[in-house]
Amino acid sequence: MPYNEKVLDHFNNPRNMGSMDKAARDVGTGIVGAPECGDVMKLQIKVDDSGVITEAKFKTFGCGAAIAASSLATEWLKGKTLDQAGELKNTELAHELALPPVKIHCSVLAEDAVKAAIEDWKRKNAAPAETALATEEMQGKTKT
Amino acid sequence: MEDNTNKAVLTKCTHCKHEMSQPLLCDHCETLNPLPSFMDFFQLMGLPRRFEIDLKTLHEKYITLSRHSHPDFHAEDEPDVMALAMTVAAAVNEAYRTLSDPIRRAGYLLELLGGPASAQDKSVPGGFLNTMLMLQEELEDARVAADAAAKARLKQVLLTQRDGLLKSVERLFADLEAAAACEATRQQQLHEIREQLNAVSFVRKSLSQLE
Amino acid sequence: MNAQDFQPLPPGKNNIILGIDLGTTNSLAAVMTPGGPRILRDKDGNGMVPSVISFGPDGRATIGSAAKAHAVENPLCTVYSVKRLMGKGMADLREDLRVLPYRVVGDDATRLAAQTQAGKPSTTAGAVAAASSGHADTTTAEGGCATEAGGARPTESREIVRVDINGRLMSPQELSAMILTELRQRAEAALGQEINQAVVTVPAYFDDAQRQATRDAGRIAGLDVKRIVNEPTAATLAYGLDQKQDATVAVYDLGGGTFDISVLRIAGGVCQVLSTHGDTHLGGDDLDREIIDLITGEIRSRFGQNIQFPPSTRQALRSLAEATKVRLSDAEQTTVEIDLGDGRNFQRTITRSEFESLAAKWLDRTIENSRQAVNDAGLSVEQIERVVMVGGCTRIPYVRRRVGEYFGPGKLYTAVNPDEVVALGAAVQAGILSGMKRDLLLLDVTPLSLGIETLGGAMGKLILRNTTLPCQAGELFTTYVDGQTAVDIHVLQGERELVKDCRSLGRFQLRGIPPMPAGAPKIRVTFLIDANGILNVSASEERSGKQAAIQITPSHGLTRQEVDGMIQESYRSAREDMAAHQLIDTRNEAGRILRAVDKALVNAGALLTADQRANLDATVAKLKTLLEGSDADAIYEAVQAVNTAATPLTQAQMDEVLRQTVKGKKVEEF
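Residues numbered from 1 in each chain as written. Chains lettered and ligands numbered in written order. Predicted model: local features only at pLDDT ≥ 70, side-chain atom pairs only at ≥ 80, totals over all residues. Heavy atoms only, no water.

1. Thoughts on the overall build of chain B
At step 1: Secondary structure summary: chain B contains seven helices and two strands in total.
At step 2: For chain B, the succession of helices and strands along the chain, N to C, is β-β-α-α-α-α-α-α-α.
At step 3: Considering only contacts in chain B between residues 6 or more positions apart, those separated by 24 or more positions represent 63%.
At step 4: Counting only carbon and sulfur atoms, one obtains 53% of the accessible surface of chain B, whose full area is about 10500 Å². (Helix = DSSP H or I, 4+ residues; strand = E, 2+ residues; numbered from the N terminus. Contact = heavy atoms within 4.5 Å. Areas by Shrake-Rupley, 256 points an atom, 1.4 Å probe, with all protein chains shown as cover.)

2. Observations concerning the overall build of chain A
At step 1: Secondary structure summary: chain A contains six helices and three strands in total.
At step 2: Tracing chain A from N to C terminus, the helices and strands come up as α-β-β-β-α-α-α-α-α.
At step 3: A sequence separation of at least 24 residues applies to 61% of the contacts in chain A between residues at least 6 apart.
At step 4: Carbon and sulfur atoms make up 54% of the accessible area of chain A, which amounts to about 6900 Å² in all.

3. Examining the pattern of salt bridges
At step 1: Applying the stated criterion across every chain yields a total of 47 salt bridges over all chains.
At step 2: A salt bridge links Asp-40 of chain B to Arg-49 of chain B, with the shortest nitrogen-to-oxygen separation between them at 2.9 Å.
At step 3: One network of salt bridges, in which partners are shared, links Arg-84, Asp-96, Asp-285, Asp-286 and Arg-289 of chain C. (Salt bridge = Lys/Arg side-chain N within 4 Å of Asp/Glu carboxyl O.)

4. Re the packing of aromatic side chains
At step 1: Taken as a whole, this structure holds nine aromatic pairs over all chains when the rule is applied.
At step 2: Consider the rings of Tyr-239 of chain C and Tyr-413 of chain C, whose centres lie 4.8 Å apart with planes at 80 degrees: the pair is edge-to-face. Of this pair, Tyr-239 of chain C sits in helix H7 (residues 231-242) while Tyr-413 of chain C sits in strand S19 (residues 412-413), placing them 174 residues apart in sequence. Residues Tyr-239 of chain C and Tyr-413 of chain C agree in their burial class; the two are buried.
At step 3: In this structure an aromatic cluster arises from ring pairing among Phe-41, Phe-42 and Tyr-108 of chain B. (Phe/Tyr/Trp six-rings, centres within 6.5 Å; stacked < 30°, edge-to-face > 60°. Buried < 20%, exposed > 50% of the residue type's maximum accessible area, 1.4 Å probe, protein only.)

5. Side note on the interface of chain C and chain B
Interfaces are often sized by the amount of accessible area the parts lose when they come together.
At step 1: Facing the 29 residues of chain C at the interface are 18 residues of chain B.
At step 2: Both faces considered, chain C and chain B share a buried interface measuring about 2000 Å² in area, 53% of it formed by carbon and sulfur atoms.
At step 3: Among the residues chain C hides against chain B, the three largest losses belong to Arg-438, Leu-441 and Pro-470 of chain C. Together they make up 26% of the total.
At step 4: Taken together, chain C and chain B are joined by one salt bridge.
At step 5: Here chain C is connected to chain B by eight residue pairs in polar contact (both at pLDDT 80 or more).
At step 6: At the level of secondary structure, the elements contributing two or more residues to the side of chain C that touches chain B comprise strand S12 (224-230), strand S15 (270-279), helix H12 (421-433), strand S20 (441-443) and strand S23 (471-477) of chain C. (Buried area = accessible area lost by both parts, 1.4 Å probe. Polar contact = N/O pair within 3.5 Å; in protein donor to acceptor, adjacent residues only side chain to side chain.)

6. Some thoughts on the sheet that holds strand S3 (residues 53-61) of chain A
At step 1: Strand order in the open sheet formed by three strands is S1-S2-S3 (chain A), and the pairing between neighbours is antiparallel. Looking at which strands have only one partner, the edges of the open sheet turn out to be strand S1 (27-34) and S3 of chain A. The average angle at which neighbouring strand axes cross in this sheet is 15 degrees, direction not considered.
At step 2: Against the sheet, helix H5 (residues 104-125) of chain A makes contact with S1 and strand S2 (39-47) of chain A, and its axis sits at roughly 145 degrees relative to S1 of chain A, the strand it touches most.
At step 3: With respect to the sheet, helix H5 (residues 128-144) of chain B is in contact with S1, S2 and S3 of chain A, its orientation differing from that of S3 of chain A by roughly 75 degrees. (Pairing = 2+ DSSP bridges. Axes fitted to C-alpha atoms, helices over the stretch in contact; angles between N-to-C directions.)

7. A closer look at the side chain of Thr-233 of chain C
At step 1: Mapped onto the elements of the fold, Thr-233 of chain C is located in helix H7.
At step 2: Judged by relative accessible area, which is 0%, Thr-233 of chain C ranks as buried.

8. A few points about the pairing of S15 of chain C
Residue and element names in this part refer to chain C.
At step 1: Among the 10 residues of S15, nine are classified as buried, and the element is accordingly described as predominantly covered.
At step 2: Here nine bridges tie strand S14 (residues 259-267) to S15, and the two strands are oriented antiparallel to one another. When the sheet's bridge partners are listed, Val-263 is paired in S15 with Ser-275.
At step 3: If you look at the hairpin formed by S14 and S15, you'll find two residues sitting between the two strands, and Gly-268 has a positive phi there, around 50 degrees.
At step 4: Across three bridges, the pairing between S15 and S20 is parallel. Note that in S20 the partner of Cys-271 across the bridge is Leu-442.

9. With respect to the side chain of Ser-27 of chain C
All names here are of chain C.
At step 1: Here Ser-27 shows up in strand S2 (residues 26-33).
At step 2: Assessed through its relative accessible area of 0%, Ser-27 is described here as buried.
At step 3: At 3.3 Å, the side chain of Ser-27 forms a polar contact with the backbone nitrogen of Gly-23.
At step 4: Ser-27 has contacts with Asp-21, Leu-22, Gly-47, Met-48, Val-49, Ser-51, Ile-179 and Leu-183, leaving out every residue within four places of it along the chain.

10. Considering the domain arrangement of chain B
At step 1: Domains assigned within chain B are domain 1 (11-100) and domain 2 (128-210).
At step 2: Computed over C-alpha atoms only, the centres of domain 1 of chain B and domain 2 of chain B are separated by 34 Å. (Domains from an automatic or database assignment.)

11. Observations regarding the packing of helix H4 (residues 102-112) of chain B against helix H6 (residues 148-178) of chain B
Residues and elements named next belong to chain B.
At step 1: The interhelical angle for the contact between H4 and H6, taken along N-to-C directions, is 35 degrees, at an axis separation of 11 Å. For the element pair H4 and H6, the recorded crossing hand is left-handed. Residue-level inspection shows Pro-102, Ile-103, Ala-106, Leu-109 and Leu-110 of H4 in contact with H6, the latter providing Arg-162, Leu-166, Val-169, Phe-173 and Glu-177.
At step 2: Classifying every residue of the contact of H4 with H6 gives eight nonpolar, no polar and two charged. (Left-handed = near helix turned anticlockwise from the far one by under 90°. Nonpolar A, V, L, I, M, F, W, Y, C, P; charged D, E, K, R; others polar.)

12. Here we look at the pairing of strand S24 (residues 487-493) of chain C
Residues and elements named next belong to chain C.
At step 1: When you tally the buried positions in S24, you get six out of seven residues, the bulk of the element.
At step 2: By the bridge criterion, seven bridges tie S24 to strand S25 (residues 503-511) in an arrangement that is antiparallel. Looking across to S25, one finds that Asp-488 is bridged to Gln-509.

13. Some details on the sheet that holds S24 of chain C
Residues and elements named next belong to chain C.
At step 1: Ordered in space as S22-S21-S24-S25-S28, the five strands form an open sheet in which the pairing is antiparallel. The open sheet is flanked by strand S22 (458-463) and strand S28 (549-554), the only strands paired with a single partner. When strand polarity is set aside, the average angle formed by the axes of neighbouring strands in this sheet is 30 degrees.
At step 2: Sheet analysis places S25 next to S28, joined by six bridges and oriented antiparallel. Bridge pairing in S28 links Arg-511 to Ala-549.

14. Brief notes about the environment of Ala-520 of chain C
Residues and elements named next belong to chain C.
At step 1: Its location among the elements puts Ala-520 in the loop between S25 and strand S26 (523-529).
At step 2: Along the backbone, Ala-520 and Thr-214 are 306 residues apart, and their C-alpha atoms lie at a distance of 40 Å.
At step 3: Each residue touching Ala-520, except ones within four places of it in the same chain, is listed here: Thr-478, Thr-479 and Arg-543.

15. Details of the environment of Pro-37 of chain C
Residue and element names in this part refer to chain C.
At step 1: Following the sequence through the fold, Pro-37 ends up in strand S3 (residues 36-39).
At step 2: Here Pro-37 falls in the buried class, since its relative accessible area comes to 17%.
At step 3: Ignoring anything within four residues of it in the chain, the contact list for Pro-37 reads Val-31, Met-32, Leu-241, Leu-424, Ala-427 and Val-428.

16. Topic: helix H11 (residues 397-407) of chain C
Residue and element names in this part refer to chain C.
At step 1: Within H11 the residues assigned to the buried category are Tyr-398, Val-399, Arg-402, Val-403, Gly-404, Tyr-406 and Phe-407.
At step 2: Among the structural elements, strand S13 (247-254), S14, helix H10 (352-376), strand S18 (386-390) and S19 are those in contact with the buried residues of H11.
At step 3: Of the residues one or two after H11, Gly-408 is the one with positive phi, at around 110 degrees.

17. Topic: a nonpolar patch on the surface
At step 1: Where nonpolar side chains cluster on the molecular surface, the patch consists of Leu-455, Tyr-480 and Val-481 of chain C and spans about 360 Å² of accessible area.
At step 2: Residue classification places Val-481 of chain C among the partly exposed positions, given a relative accessible area of 47%. (Patch = residues over 30% accessible without salt bridge, like charges linked within 9 Å, V, L, I, M, F, W, Y side chains within 5 Å.)

18. Quick look at the nonpolar core
At step 1: Core analysis: the largest hydrophobic core is formed by 74 residues, its most contacted members being Met-45, Val-92, Leu-99 and Phe-173 of chain B.
At step 2: Top element by residues in this core is H12 of chain C. It accounts for 10 residues. (Core = buried A, V, L, I, M, F, W, Y, C linked by side-chain atoms within 4.5 Å.)

19. Points about unusual backbone geometry
At step 1: Cis geometry is adopted by the peptide bond preceding Pro-470 of chain C, which originates at Leu-469 of chain C and carries an omega value of -10 degrees.
At step 2: Phi is positive for Glu-30 of chain B, which is not a glycine, with a value near 60 degrees.
At step 3: Relative to the helices and strands, Glu-30 of chain B resides in the loop between strand S2 (19-20) and helix H1 (41-45).
At step 4: Given the relative accessible area of 60%, Glu-30 of chain B is considered exposed.

Shown next, in the form of structure tokens:
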């Protein structure tokens, strides 16, 4: 079987598929895409006052591996602090799902989505002084 | 802006050494010549290296080159000429395939001009992914509800989007070709074209899923 | 039709390239003349040769109408629809084997044949075919050849099928070669010259393995197949010659075993295929089978579920079904009557609308394929101006109605003879290749995407379907361990994402890579699909520029050595046949001369001298002795000796005749 059972499991029974209110202050949203294969991934996190991720949701339009990677990521994120979440590496996802080389980029996309969600939350929840700094930083970046 | 018409790339026939007015078939001895490795698709078709293209002229040139190189017309020749005809005809077909489709032509031209590939530069225009996500969600709802009218409407939205993006690409190439800009501006222009083309990839994927 | 009807080719070009339609049900041959393509017919005006081979108890093969006549009484030894077996493995043929009465075996041929022969004598067609296929229902075959549960394909081993006629195993290629040989011989007789080149048509949807098998069949038949042409494209060539204007056409080709739909643009002497789709497992045979199943089902429910239909009965049912199908094209209903023996009579009136209900699901599939093809061409169905109907089944009113419904009214073009148009087109292509018709450019496409197996069982596409031919793609390969000197590539065709859902073409092994650290070699592999739609692979190591040696193991085909062997085999049996013929002819001649000498001796023996008589007796005695042996040459010489020795006798006989005639009496002629 080319697709690992774990991938199929996430594909058939995805965990945490859905949406949260994007406008809510405690929600961080990351939207990323891979042009070569046309995969689009949205990952959202809800962070409580102590900086711990209490909920995570995803919506992915793409191949089975992309869906599985984002599904697994949301599972993994729950209960982690933002710093811990920022350390999530795509290789861990790829290893856990036993992704073949052609599908590694799906795990990279998931990692990008997590980082984008964290960044979005930080931008919304930074202290006023930090907000100004953060906004300047954002303007220089290429959007993903 | 350099003139990249085929006048600059005359080759000599490998058989009789006469100069050839166009690639492939020698005017003098009618031997089929291999393609010079430095020739790009525009040069092969004898067309200027620009995004804007006359499709009718392109087709005519394609047919002429095909008549020269197609294996059917070399079926009675020596085996090595037949083998050459195969690879040359394959190159001619590839050239036509690439240049006749605006999306493929844009990607090819961008590469020729030294622009980034999608693997190197994944960016898309601001807010585009959000739009794609919403479209995808609507598509999924339409699929689940088997709502043919909604699907048709969404297909139209995607087609309009694709056309809009292509128009941007056309404009960006025209800007690039018009002004002799400094390097920094040029890199920015190439990057923007890549952004538009990346967006087109997403739209195309969604359209193909609609079939 | 005789040689004089064909104007001679320009001097120095004596080679005629034959155009052949090698059909599932019928085959035809045609040639290109300055006046246009012409079907080659026998003295009765028949162009069609049924694609049927019947083997007699002595192993001698009959091909064509005569073989078809044998089908009912000799079902186990009459092979039909062999085109359905070309380029396939046992796992692909599960459905077909259910109904084919002749025995088909897989790679484990010896083992399986031994098993089924040891088992109970099969009296039901079902059991024979099932045993051959290793079908799950059978109890005899365990494991056996390549059918496995779950649909997994044995990609390690090669899957070849063979037909087993009385223990003689023959590949579909050899069987097809017999049909091609028949066509070739008929053509040679009609044209009065040797023919060793041909253009052979195949369904557009045939994959690489099926095309190679067809080319191999040609080689075995002594024909250099200069081009494999897609049937719808060939039909367009023939159609295009009649029509002078530009057009966007679709070709709807429903044959005995295969269905093709192609969309083409004809303009300014260029015939360009825009897209093609089809099903190599859908044809008139399936419509026949619906009728057969209807009849057998009702017979069983009326007369008992345990009624058997032995192979000969199934064959009779097949002919009946075919006739019914044809009848219902003209009549609203028809009645079938079958005598089941023991006073049981089965009678059933089948109406046209009943047949149409049965045929509906098959037609649905063809319309779905058509929709896909129009889509792939980047067109809307309104933009199709004409639909050319090809294949005998397109005569059926229901088929025409469905096609008309989908494509729109007034577009169906039925003026071409649906049975002959493909062969005529093949002849036109032959004309292009031989230089007789240089103004026509034909651009065809590959019907299936081509790719390689990548790590994780995924299919990585290199060339997309509907790409104009010839086309090529390159890919860089490297090694995974230090010092690795060979690299394996598994090539596939198909549209699915996973290897197991695609068609395995074969394994290419690149050898002779200079030993280097893992990942260091850069091997550029070029996949080129030629104008036949057949893959050619070449490879070179980029740094050294060295051409890598390629070893090909086809998944469903014969290796070059095997084909060479079969060519030798066919020469040998042709020689044997010829020698056998010679012996028969010489014997006949000897018998004739002995009888004549006997008669002449009665009439005029008395007129010979003693010496002459003795001489004649000696040569006759020698001939009679030699006739007990089989030395054709010696018999021939002995016949000449008798002839010479009998000269005085014949002379005397003639004198006697003259004398008697003069007398007014009639004497028997020598």
